[in-house]
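# Residue-level structural notes
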Amino acid sequence: GLAGFALHAAFHVRRGRASEVLWACPVAALLAAIGAIAASPWLVAMGACLLSYGVPLWLADVVTGGELLVTSLGTHLVGPIVAGLALRELGWPPGAWAAAWLGSLALLALSRAVTAPEANVNLVFRVAAGWERRFRRHGLYVAGLWLASGAVYFVVERAARHLLAR
């Protein structure tokens, strides 16, 4: 978990694109790894929520021609595995979905404040390439993504709490 994040972060820093580390999935994988080490079910569950929404979006991007970085596998594949294993041991705290949802809003604000528009980290500056015809207003696009993420986080928490209760 931490090693995968560190490799991915080092790769971006070496390329002169350190802000890429603020994408939701690397942040989520870092939360899950730190949570696993610290035995914090809250951090792990928050990371799992962000990954549950971000990984499918990342896969869709890669499948439709987006750049596949080998180092991103540590974030997008190892991160969910670490989260799943840790949550089996720690359990899922009720309400973690809401903490993840509010945390993701803070991450969007941070991304907007400290990253360059060209990087479009967490899509905070413009609609993702190829989606401009469907979403003509960036603010509505981001709001829709954020609202959808909350719904996904809620469903993931319900499913995880059910599965982990067995």
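Residues numbered from 1 in each chain as written. Predicted model: local features only at pLDDT ≥ 70, side-chain atom pairs only at ≥ 80, totals over all residues. Heavy atoms only, no water.

### A short note on the overall build of the chain
Test applied: Where helices and strands are cited, they refer to DSSP runs of H or I of at least four residues and of E of at least two residues respectively, numbered from the N terminus. Radius of gyration: C-alpha atoms only; globule rule: 2.2 Å multiplied by the number of residues to the exponent 0.38. Here, two residues are considered to be in contact whenever any of their heavy atoms come within 4.5 Å of each other. Accessibility throughout is a Shrake-Rupley quantity obtained with a 1.4 Å probe, and a residue counts as covered only by protein chains that appear here. Within this scheme the basic residues Lys and Arg register as positive and the acidic residues Asp and Glu register as negative, but His and the chain ends are omitted. A single reference atom marks each charge: NZ on Lys, CZ on Arg, CG on Asp, CD on Glu.
Along the chain, the regular secondary structure elements total 6 helices and 0 strands. Starting at the N terminus and ending at the C terminus, the chain contains elements arranged as α-α-α-α-α-α. Taking 2.2 N^0.38 as the reference for a compact globule, 166 residues should give roughly 15 Å; the C-alpha atoms of the chain span a radius of gyration of 15 Å, in line with that estimate. Dimensions along the principal axes, computed over C-alpha positions, put the chain at roughly 45 × 35 × 30 Å. Of all intrachain contacts in the chain linking residues separated by at least 6 positions in sequence, the fraction that spans at least 24 positions is 68%. Within the structure as shown, the chain displays about 9100 Å² of accessible surface, and the carbon and sulfur contribution to it stands at 68%. Of the side-chain charges in the chain, 13 are positive and 7 negative, and the distance between the mean point of each set is 6 Å.

### Regarding the layout of surface pockets
Rules: Cavity means a closed set of points on a 1 Å grid over the protein atoms alone, one where a 1.4 Å probe fits but cannot get out, pocket means an open set with protein on both sides within 12 Å along at least 5 of 7 lines, and lining means a residue has an atom within 4 Å of a point. Grid points are joined across faces, edges and corners, and a volume is the space filled by probe spheres set on the points. When residues are sorted by character, Ala, Val, Leu, Ile, Met, Phe, Trp, Tyr, Cys and Pro go into the nonpolar class, Asp, Glu, Lys and Arg into the charged class, and all the rest, Gly among them, into the polar class.
In this structure, the largest pocket occupies an estimated 1400 Å³ of space. Residue lining of the largest pocket: 47 residues in total, with Trp23, Leu57, Trp58, Asp61 and Leu123 positioned closest to the centre. Elements with a contribution of two residues or more to the lining of the largest pocket: α1 (2–14), α2 (24–38), α3 (41–63), α4 (72–90), α5 (96–114) and α6 (138–164). At 8 residues, the largest contribution of residues to the lining of the largest pocket is made by α6. Along the lines of polarity and charge, the residues of the lining of the largest pocket split into 26 nonpolar, 14 polar and 7 charged. By volume, the second largest pocket is sized at about 260 Å³. What lines the second largest pocket is a set of 15 residues, and nearest its centre among them are Ala48, Pro80, Gly84, Leu87 and Val156. At the level of secondary structure, the elements contributing two or more residues to the lining of the second largest pocket comprise α3, α4 and α6.

### What to know about the pattern of salt bridges
Rule in force here: Each reported salt bridge corresponds to a side-chain nitrogen of Lys or Arg within 4 Å of a carboxyl oxygen of Asp or Glu. Only protein chains enter the accessibility calculation, which uses a 1.4 Å probe. A residue is then buried if its area is under 20% of the maximum for its type, exposed if over 50%, and partly exposed in between.
Applying the stated criterion to the full structure yields 2 salt bridges. Arg15 is the partner of Glu67 in a salt bridge, and the nearest nitrogen-oxygen pair spans 3.4 Å. Taken together, the positions of Glu67 in the loop between α3 and α4 and Arg15 in the loop between α1 and α2 put the pair 52 residues apart, joining distant regions of the chain. Between Glu20 and Arg17 there is a salt bridge, with the nearest N and O atoms lying 3.0 Å from each other. On the accessibility criterion, Glu20 (10% relative accessible area) is buried.

### Some thoughts on the packing of α3 against α5
The cut-off we apply is this: Angles run from 0 to 180 degrees between N-to-C directions of axes, and those axes are lines fitted to C-alpha atoms, restricted for helices to the stretch in contact. Should an angle fall under 35 degrees it is called roughly parallel, over 145 degrees roughly antiparallel, and 65 to 115 degrees roughly perpendicular, with every other angle called oblique. Handedness of a crossing follows from how the near helix is turned relative to the far one, being left-handed for an anticlockwise turn of less than a right angle and right-handed for a clockwise one.
The interhelical angle for the contact between α3 and α5, taken along N-to-C directions, is 65 degrees, at an axis separation of 9 Å. Taken together, the axes of α3 and α5 lie roughly perpendicular to each other. Crossing of α3 over α5 shows right-handed handedness. Contact residues: α3 offers Trp42, Ala45, Met46, Cys49 and Leu50, while α5 offers Ala96, Trp97, Ala99, Ala100 and Leu107. Class assignment for the residues of the contact of α3 with α5 results in 10 nonpolar, no polar and no charged.

### With respect to the environment of Leu145
Relative to the elements of secondary structure, Leu145 occurs in helix α6. Those residues within four positions of Leu145 in sequence are excluded, and the remaining contacts are Tyr53 and Leu123.

### Some points on the side chain of His76
For clarity, the threshold we go by: Think of a polar contact as two N or O atoms within 3.5 Å of one another; within protein, one of them needs to be a possible hydrogen donor and the other a possible acceptor, and neighboring residues in sequence only count if both atoms come from side chains.
Mapped onto the elements, His76 comes out in helix α4. Judged by relative accessible area, His76 falls into the buried class, the value being 7%. Separated by 2.8 Å, the side chain of His76 and the backbone oxygen of Ser72 make a polar contact. Aside from chain neighbours lying at most four places away, what touches His76 is Cys25, Val55 and Trp58.

### A short note on the confidence of the model for the chain
Note the cut-off: Summary of the metric used: pLDDT quantifies the predictor's per-residue confidence within the range 0 to 100.
Per-residue pLDDT for the chain has a mean of 95; in total, 100% of the residues score no lower than 70. Mean pLDDT across the elements of the chain ranges from a minimum in α1, with 90, to a maximum in α5, with 98.

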